[in-house]
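Breakdown of the fold
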Amino acid sequence: MNYHIQTCFHHFICTGAECEDTCCKGWRIRIDRQSYRNYLQVSGAFGHRLFWEIDHGRRSFRMRGRACAFLNREGFCDIYKELGRKGLCRGCREYPRHRENYGQLQEVMLSLSCPEAARLILEDETQGMWKEKKRPAVFWEQQTAVRKNWPKPELLEDLEELRRTMVCLIKDRSVDWRQRQAMLLALAHDFQRHWNKIREAGYPYSRQRRRQWGKRLSKRYLAREAAGRFARRLEHLQGAGKEQRIRIAAWMRLMQRMEPVLFGWEQKAARMCSSLYHQRSAAEYQLLCLDFDEAAASLEQEWENLMLYFVNTYVLGAVYDGDVYTKVKLAVFGTRIIREWCLFRYGTSGKINREELAGAAYRYSREVENCDENLDLLEEELGQNPLFGLEEMLKGI
Ligand code: SF4
């Protein structure tokens, strides 16, 4: 019966009219079902406007140029002006805060898709930890009444243990960054294989036995000699940079297939692919990567925070579909694509710093995380396409 709050959650203050890329611009804002129903009930001139300014097929606000049709010239929202805070759809009311329910646990965190939240997430030295609060029993009784099909607590316990191990792995700077990502994938792969077996057998393990199993697994990955063992295994896989470029180019092509959420996304993605993989030879690309790695060496904390954000956001979601391996792949994929995005920017502007990284991170998050179709497409591809098998992914990171 816990309630987890992201450590930087309360530090967030919306920069409002000063925001460099306000959430009312550059993407389509989806409307939740309840708010959509409410909007259809609004009468008078504003009700009329609401009807015409909503794209009913997509259940989203129409865009005027790059902005939401309700963003006025002063930079304020007309829905807020006419209907008050309660009139905002759920996304606008809560954004960039979001909460996840995992049965006996609820977690609240900031979304990476807001530039200000992205900056906070990247600079937060305590990322990966949570402020814990106990909720009164009555709260959980109310929640249970609303949601009957809550996941089993033992599934959640297993996943929490796995996530703790992953956080330790991500923070271990004695291990090379690429290797840490590889170990994360391998750990999720091993966990999934075993988890599938015991879930299919109807969870015959006692709590104590499950804990022992979880501890054994984390010991195997966190032990001092584990990194050396992995480095040897990965050497022959990750040796050739050419192999890596072929994989990452294919990953970027998958990004090109996404439903455009960001304004001009198709052209942006095409420009990135063309600049990195067509106009540059393999040797030039390698050289750019070496330069970039050197210039970005001081951003170790930021890369770790990015991966921690993805792991914290996705892993426990497996209580609902049992597929933790795909979720960890999604975390690694996201971090890798953001790196490639920064590489492209570095290739054109010669700059890489926290601001650049936050810019690429929030744009990736808007394009992928804030669009269910794109997230579903990615999960399906990562789960089924052989391009995202374990070995293939290890070659790509
Ligand atoms: S993107 Fe974030 S900082 Fe910018 S207006 Fe929206 S909530 Fe505020």
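Residues numbered from 1 in each chain as written. Predicted model: local features only at pLDDT ≥ 70, side-chain atom pairs only at ≥ 80, totals over all residues.

All right, on to the overall build of the protein chain then. When helices and strands are counted, the protein chain shows 19 helices and eight strands. Compactness check: the protein chain gives a C-alpha radius of gyration of 22 Å against a globular reference of 21 Å for 397 residues, within 12% of the reference. Dimensions of the protein chain along its principal axes, counting C-alpha atoms only, are 70 × 60 × 35 Å. Contacts in the protein chain between residues at least 24 apart in sequence constitute 74% of all its contacts with a sequence separation of at least 6. (Helix = DSSP H or I, 4+ residues; strand = E, 2+ residues; numbered from the N terminus. Rg over C-alpha atoms; globule rule 2.2 N^0.38 Å. Contact = placed C-beta atoms within 7 Å.)

In space, the four strands of this open sheet follow the order 6-7-1-8, with mixed pairing throughout. At either end of the open sheet lies a strand with only one pairing partner, and these are strand 6 (97-101) and strand 8 (130-134). For this sheet the average axis-to-axis angle between neighbouring strands, irrespective of direction, equals 20°. For strand 6 and strand 7 (residues 105-110), the ladder comprises five bridges, and the chain directions are antiparallel. Directly across from Asn-101, in strand 7, lies its bridge partner Gln-106. (Pairing = 2+ DSSP bridges. Axes fitted to C-alpha atoms, helices over the stretch in contact; angles between N-to-C directions.)

Structurally, the protein chain comprises domain 1 (24-94) and domain 2 (153-396). Between domain 1 and domain 2, the C-alpha centre-to-centre distance is 35 Å. Listed by partner, the interface residues are four residues for domain 1 and five residues for domain 2. Residue classes in the side of domain 1 that touches domain 2 are distributed as one nonpolar, one polar and two charged. (Domains from an automatic or database assignment. Nonpolar A, V, L, I, M, F, W, Y, C, P; charged D, E, K, R; others polar.)

With that out of the way, let us pick up the nonpolar core. Across soluble globular proteins, nonpolar side chains show a tendency to be buried alongside one another. Ranked by internal contacts, the top residues of the largest apolar core, which has 91 residues, are Val-315 and Ala-361. For this core, the element with the highest residue contribution is helix 16 (residues 324-349), accounting for 13 residues. Mapped onto the domain boundaries, this core takes at least three residues apiece from domain 1 (24-94) and domain 2 (153-396). For Ala-361, the residues in contact, after removing those within four places along its chain, are Leu-112, Ala-118, Leu-306 and Ile-338. (Core = buried A, V, L, I, M, F, W, Y, C linked by C-beta atoms within 7 Å. Buried ≥ 20, exposed ≤ 12 C-beta atoms within 10 Å, placed from the backbone.)

Time to look at unusual backbone geometry. A cis amide bond links Tyr-95 with the next residue in sequence, Pro-96, at an omega value of 5°. In this model, Arg-59 sits at a positive phi of 50°, which is unusual for a non-glycine residue. Checked against the element boundaries, Arg-59 lands in the loop between strand 2 (54-55) and strand 3 (60-61).

This part takes up helix 14 (residues 300-314). If you check helix 14, its first and last C-alpha atoms are 22 Å apart, about what 15 residues at 1.5 Å a residue would give, namely 21 Å. For helix 14, the tally of buried residues reaches 13 of 15 residues, placing the bulk of the element in the interior. (Expected span 1.5 Å × (residues − 1).)

This part covers the pairing of strand 8. Of all five residues in strand 8, zero are buried; the element is thus mostly exposed. Two strands pair when backbone bridges link them, and strand 1 (residues 2-6) and strand 8 are joined in this way by five bridges, in the antiparallel orientation. By the bridge assignment for strand 8, Ile-5 is matched with Lys-131.

One turn of an α-helix holds 3.6 residues; hence residues three or four places apart share an orientation. The terminal C-alpha atoms of helix 7 (residues 153-171) lie 27 Å apart, and with 19 residues this matches the ideal 27 Å at 1.5 Å per residue to within 8%. Contacts made by the buried residues of helix 7 are with helix 8 (177-200), helix 9 (207-222), helix 14, helix 15 (318-321) and helix 16.

Turning to the packing of helix 8 against helix 16, a few remarks are in order. The contact between helix 8 and helix 16 brings their axes to 8 Å, and the two run at 170°. As judged from the angle between their axes, helix 8 and helix 16 are roughly antiparallel. Taking contact as the criterion, the partners of Gln-181, Leu-184, Leu-185, Ala-188, His-189, Phe-191 and Gln-192 in helix 8 are, on helix 16, Val-324, Tyr-325, Val-328, Lys-329 and Val-332. Tallied by class, the residues present in the contact of helix 8 with helix 16 amount to eight nonpolar, three polar and one charged. (Parallel < 35°, antiparallel > 145°, perpendicular 65-115°, else oblique.)

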